[in-house]
Amino acid sequence: MLLLLLHLLLPLGSDGAQNSNTTSEGCQIIHPPWEGGIRYRGLTRDQVRAINFLPVDYEIEYVCRGDREVVGPKVRKCLSNGSWTDMDMPSRCVKRTTYTGRRAVYIGALFPMSGGWPGGQACQPAVEMALEDVNSRRDILPDYELKLIHHDSKCDPGQATKYLYELLYNDPIKIILLPGCSSVSTLVAEAARMWNLIVLSYGSSSPALSNRQRFPTFFRTHPSATLHNPTRVKLFEKWGWKKIATIQQTTEVFTSTLDDLEERVKEAGIEITFRQSFFSDPAVPVKNLKRQDARIIVGLFYETEARKVFCEVYKERLFGKKYVWFLIGWYADNWFRTPDPAINCTEQEMAEAVEGHVTTEIVMLNPENTRGISNMTSQEFVQKLTRRLGSKKAEETGGFQEAPLAYDAIWALALALNKTSGGSGIHSSGGVRLEDFNYNNQTITDQIYRAMNSSSFEGVSGHVVFDASGSRMARTLIEQLQGGKYMQIGYYDSTKDDLHWLGADKWIGGSPPADQTVVIKRFRYLSQKLFISVSVLSSLGIVLAIVCLSFNIYNSHVRYIQNSQPNLNNLTAVGCSLALAAVFPLGLDGYHIRAGHFPFVCQARLWLLGLGFSLGYGSMFTKIWWVHTVFTKKEEKKERRKTLESWKLYATVGLLVGLDIFTLVIWQIVDPLHRTIESFTKEEPKQDIDISILPQLEHCSSKKMNTWLGIFYGYKGLLLLLGIFLAYETKSVSTEKINDHRAVGMAIYNVAVLCLITAPVTMILSSQQDAAFAFASLAIVFSSYITLVVLFVPKMRRLITRGEWQSEAQDTMKTGSSTNNNEEEKSRLLEKENQELEKIIAEKEERVSELRHQLQSRQQLRSRRHPPTPPDPSGGLPCGTSEPPDRLSCDGSRVHLLYK
């Protein structure tokens with residue numbers, strides 16, 4: 001930009017400027033005033049002399065030489081109608097007048113030159129610049145001069161308390177207090193009302209400071225931190241995030257900000273899943289965030305603590321394409337590169353950890369290159385401040401971003417004091433004497449408060465206006481760290497709900513990450529090969545059971561079949577069929593049926609298995625129980641041993657089946673089975689994708705499943721154990737009424753062993769669907785096959801090999817099962833021999849009776865012939881000596897022998 005002082009000694013007219021003619025080509029060029037010049041941007045001296053018109057929107061700036069200054073508009077702009085702005089006001093160069101007797105008005109300031117936020121490093125020079133500019137203005141506070149008394153608060157409330165005491169109790173009287181940090185402002189603002197002091201902060205963002213009851217005289221050019229929260233919520237909604245986590249430093253400003261954020265996200269349907277806080281060491285909270293799988297994390301802490309946090313973030317690998325951090329935007333641009341002895345991470349590690357994070361910050365520098373109350377554009381302010389900082393780099397200077405707010409704070413104060421004092425001059429009507437202010441003068445404080453509350457002007461930070469709580473209203477800037485540099489990606493105006501998106505956001509993974517690990521629920525289904533294989537075996541078993549049942553019914557008239565209690569065998573075949581049919585619902589799961597049908601499948605499993613066991617095993621148990629009951633009681637008579645009442649056997653089976661039905665009905669009424677889902681540990685896929693698989697397994701269960709299983713397994717297990725005992729006790733018993741009881745015993749052994757092993761194993765393996773199904777179904781299949789083969793195949797073989805046409809007598813002589821034919825033959829021979837011996841005994845008894853009769857007749861005849869003789873000393877009957885020696889003795893000893 002070239003400065004041309006054109007010494008064209010052309011005196012101005014009475015209006016102080018040449019009349020300009022309008023044209024469609026732009027605005028006619030204006031010549032400079034006497035003793036001054038005009039700055040024509042972008043034009044050389046020759047170009048200015050050669051042209052007569054300047055284009056629309058072109059700006060010219062008046063300048064004066066020496067000790068003169070411009071009075072009137074300093075900048076004019078070419079309008080679209082061909083006229084210059086403010087042509088009704090002349091621009092003149094007048095000699096600068098040195099005012100004497102200007103009264104000093106003192107400002108007490110606390111600048112944090114170090115500590116959590118060293119904002120005073122740039123804000124103090126900005127305040128000094130503002131004081132110089134305000135004091136040089138003749139139209140603002142012409143009778144007063146603003147002076148600054150400041151201390152370093154170190155952003156520490158304790159240190160600030162000391163300097164606040166010095167400011168209040170040491171002369172001169174301060175008309176206003178100017179703190180920086182939120183923690184310091186909280187202390188100062190709460191105490192200031194006791195001294196009738198207005199407090200104006202340039203760097204406080206704590207939402208707590210918006211409480212007018214607690215801080216009645218507080219204003220701030222820095223917007224409340226809660227102004228970040230609507231922007232954050234808007235970004236959460238834009239990127240589709242519903243779950244976030246937070247980590248904060250334990251201070252009031254961050255706690256209140258987070259409380260406000262929690263309310264806002266709740267209204268938006270977003271959940272804060274995890275909230276962590278720390279005082280000085282963030283190591284444990286960061287580990288907790290990692291443990292809880294936090295992905296979208298809002299961090300609220302000062303710059304020094306931010307370095308500690310991200311050093312721990314690097315150690316825990318809580319960064320990269322799966323994570324997004326939201327930070328406060330008022331850190332220095334290279335805050336993560338600043339050497340810090342409190343951390344043990346290198347600059348490269350810190351840069352890697354912070355890459356891609358998003359910041360939200362108040363728009364602190366007017367993005368439009370327009371001139372405000374200070375007659376400076378925002379860019380000119382930055383240049384001037386940079387020159388004032390000297391060798392310090394702007395990005396390494398704390399508070400550089402907040403410097404425009406500090407600059408505008410002095411202007412807001414100056415305008416409010418100017419309005420309070422009456423505008424221009426001490427004799428202006430309606431004003432008060434600022435030098436009359438003291439800590440007991442509430443009248444002046446109230447007037448300053450009203451003037452401050454109604455402030456509205458264009459500053460280098462934008463439009464300055466305060467809301468009812470004294471907080472600045474402003475837009476929010478959204479930035480993202482890309483390649484180590486902050487890039488603007490959007491603006492948000494919460495008052496209009498207007499998100500202006502620049503589309504410059506970049507993500508490490510190519511797109512915004514998910515707010516949590518995407519959990520894919522995947523059911524574990526039964527192996528179809530295993531299900532089909534077992535189903536085929538079960539189907540063949542059902543066919544075998546039907547064949548056995550048909551065979552037993554067809555040959556029920558055969559004596560051999562009749563002696564095996566065919567009706568009980570029929571029940572056994574039916575029970576095996578039901579048990580085998582239970583294999584099909586055991587293998588049905590969500591792969592085959594819908595969730596709504598699952599309870600019916602659960603009922604089918606339970607009823608088929610329960611009734612199948614009661615019919616199949618109950619029939620065999622009844623047989624073996626009857627054999628044990630009859631043939632193990634030796635004192636009973638033979639006739640009772642041969643008596644078999646069939647209705648008792650059927651009643652026993654019916655009792656077992658009825659007990660099952662009763663238990664199952666009560667179970668289903670009181671606590672019905674339903675579908676439950678068991679979830680397992682999440683599995684990470686081999687691919688590097690942000691998802692995890694949650695395996696799930698369907699079960700049939702009820703609220704008190706263990707209680708019902710205990711009852712069911714309890715009496716079934718007792719039946720199994722009792723069956724084994726009875727089978728062992730009757731292994732050597734032979735009976736014609738139940739000729740297959742030994743085969744029944746063998747079947748009971750197999751069923752009992754399989755059931756007693758399978759039941760606990762399947763309960764242990766319930767979480768392994770294939771193993772549990774294989775154990776349960778194969779136990780059912782094998783026990784059913786063994787029972788059918790052991791009970792029916794020998795009968796089929798016997799009838800096929802010996803013929804069904806055998807006579808009843810032959811069949812009677814040959815009754816018995818194939819497993820004990822020899823013993824049955826021996827039993828029949830012994831019975832036949834016993835019958836023959838009984839006949840011989842009967843004949844001998846008749847002979848003995850005849851002989852006794854003859855002996856009595858002879859004794860009577862002898863007693864008639866001879867007198868009676870003394871009895872024999874041996875006590876025996878008198879015997880004649882004439883009897884031959886081979887005759888029977890009179891004591892009947894041979895008769896007893898014969899009975900033996």
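Parameters at a glance
- Residues numbered from 1 in each chain as written.
- Predicted model: local features only at pLDDT ≥ 70, side-chain atom pairs only at ≥ 80, totals over all residues.
- Heavy atoms only, no water.
- UniProt positions renumbered as here; feature names shortened; annotations may be inferred.
- Pairing = 2+ DSSP bridges.
- Helix = DSSP H or I, 4+ residues; strand = E, 2+ residues; numbered from the N terminus.
- Axes fitted to C-alpha atoms, helices over the stretch in contact; angles between N-to-C directions.
- Parallel < 35°, antiparallel > 145°, perpendicular 65-115°, else oblique.
- Left-handed = near helix turned anticlockwise from the far one by under 90°.
- Contact = heavy atoms within 4.5 Å.
- Nonpolar A, V, L, I, M, F, W, Y, C, P; charged D, E, K, R; others polar.
- Polar contact = N/O pair within 3.5 Å; in protein donor to acceptor, adjacent residues only side chain to side chain.
- Expected span 1.5 Å × (residues − 1).
- Buried < 20%, exposed > 50% of the residue type's maximum accessible area, 1.4 Å probe, protein only.
- Lys, Arg positive; Asp, Glu negative; His and termini not counted.
- Salt bridge = Lys/Arg side-chain N within 4 Å of Asp/Glu carboxyl O.
- Phe/Tyr/Trp six-rings, centres within 6.5 Å; stacked < 30°, edge-to-face > 60°.
- Lys NZ or Arg CZ within 6 Å of the ring centre and 35° of its normal.

An unreviewed UniProt entry lists the protein chain under the name Gamma-aminobutyric acid type B receptor subunit 1, from Vombatus ursinus. Looking at the Subcellular location (unreviewed entry) heading of the UniProt record, one finds this comment for the protein chain: "Postsynaptic cell membrane". According to the UniProt record, the Sequence similarities (unreviewed entry) comment for the protein chain is "Belongs to the G-protein coupled receptor 3 family. GABA-B receptor subfamily."

A. Seen up close, the sheet that holds strand β3 (residues 36-40). Read across the open sheet, the 3 strands follow the order β3-β5-β7; overall the sheet is antiparallel. If you trace the sheet from one side to the other, it starts and ends with β3 and β7 (75-77), each paired once. Pairwise comparison of adjacent strand axes, ignoring direction, gives a mean angle of 25 degrees for this sheet.

B. Quick peek at the packing of helix α11 (residues 403-421) against helix α12 (residues 442-453). Remark: α11 packs on α12, axes separated minimally by 8 Å, with the N-to-C direction vectors making an angle of 125 degrees. By the criterion of interaxial angle, the relationship of α11 to α12 is oblique. Where α11 crosses over α12, the handedness of that crossing is right-handed. Contacts between α11 and α12 involve A412, L413, A416, L417, K419 and T420 on the former and, on the latter, Q447, I448, A451 and M452. In terms of residue class, the contact of α11 with α12 is built from 7 nonpolar, 2 polar and 1 charged.

C. Here's a closer look at the side chain of S83. Topologically, S83 is positioned in the loop between β7 and β8 (92-95). Here the side chain of S83 touches N81 through a polar contact of 2.7 Å, side chain to side chain.

D. Broad picture of helix α19 (residues 646-670). The terminal C-alpha atoms of α19 lie 36 Å apart, and with 25 residues this matches the ideal 36 Å at 1.5 Å per residue to within 8%. Along α19, the residues classified as buried are L649, T652, V653, L656, V657, D660, T663, L664, W667 and Q668.

E. Seen up close, the side chain of E402. Structurally, E402 is set in the loop between α10 (378-389) and α11. As a buried residue without a salt bridge, E402 has its nearest oppositely charged side chain in R472, at a separation of 12 Å. Apart from residues no more than four positions distant in its own chain, E402 is found in contact with W117, C123, H222, W330 and M364.

F. Structural view of the packing of aromatic side chains. Applying the stated criterion to the full structure yields 28 aromatic pairs. Between Y169 and W195 the ring centres are 6.1 Å apart and the planes differ by 85 degrees, which places this aromatic pair in the edge-to-face class. Here Y169, found in helix α3 (residues 157-169), pairs with W195, found in the loop between α4 (182-192) and β12 (198-201); they are 26 residues apart in sequence, far enough to count as distant. By relative accessible area, W195 is classed as partly exposed at 22%. With centroids separated by 5.3 Å and ring planes inclined at 65 degrees, the aromatic side chains of Y331 and W335 adopt a geometry described as edge-to-face. The exposure classification of Y331 matches that of W335, with both residues buried. Site record: aromatic cluster; members linked through ring pairs are F236, W239, W241, F326, W501 and W507. Here the guanidinium or amino end of R317 rests over the ring plane of Y314, the centre of that ring lying 5.1 Å away.

G. Expanded view of the environment of N750. Counting through the fold element by element, N750 comes out in helix α21 (residues 741-764). Within polar-contact distance, the side chain of N750 engages the backbone oxygen of M746 at 2.7 Å.

H. Just the sheet that holds strand β13 (residues 218-220), in detail. Within the open sheet, the 5 strands sit side by side as β10-β9-β11-β12-β13. Their pairing is parallel. Every interior strand has two partners, whereas the edge strands, β10 (144-152) and β13, have only one. For this sheet the average axis-to-axis angle between neighbouring strands, irrespective of direction, equals 25 degrees. Note that strand β9 (residues 103-111) and strand β11 (residues 174-178) share 4 bridges and pair parallel. Residue pairing in the sheet places A109 in a bridge with L178 of β11. Seen against the sheet, α12 touches β11, β12 and β13 and runs at an angle of roughly 30 degrees to β12.

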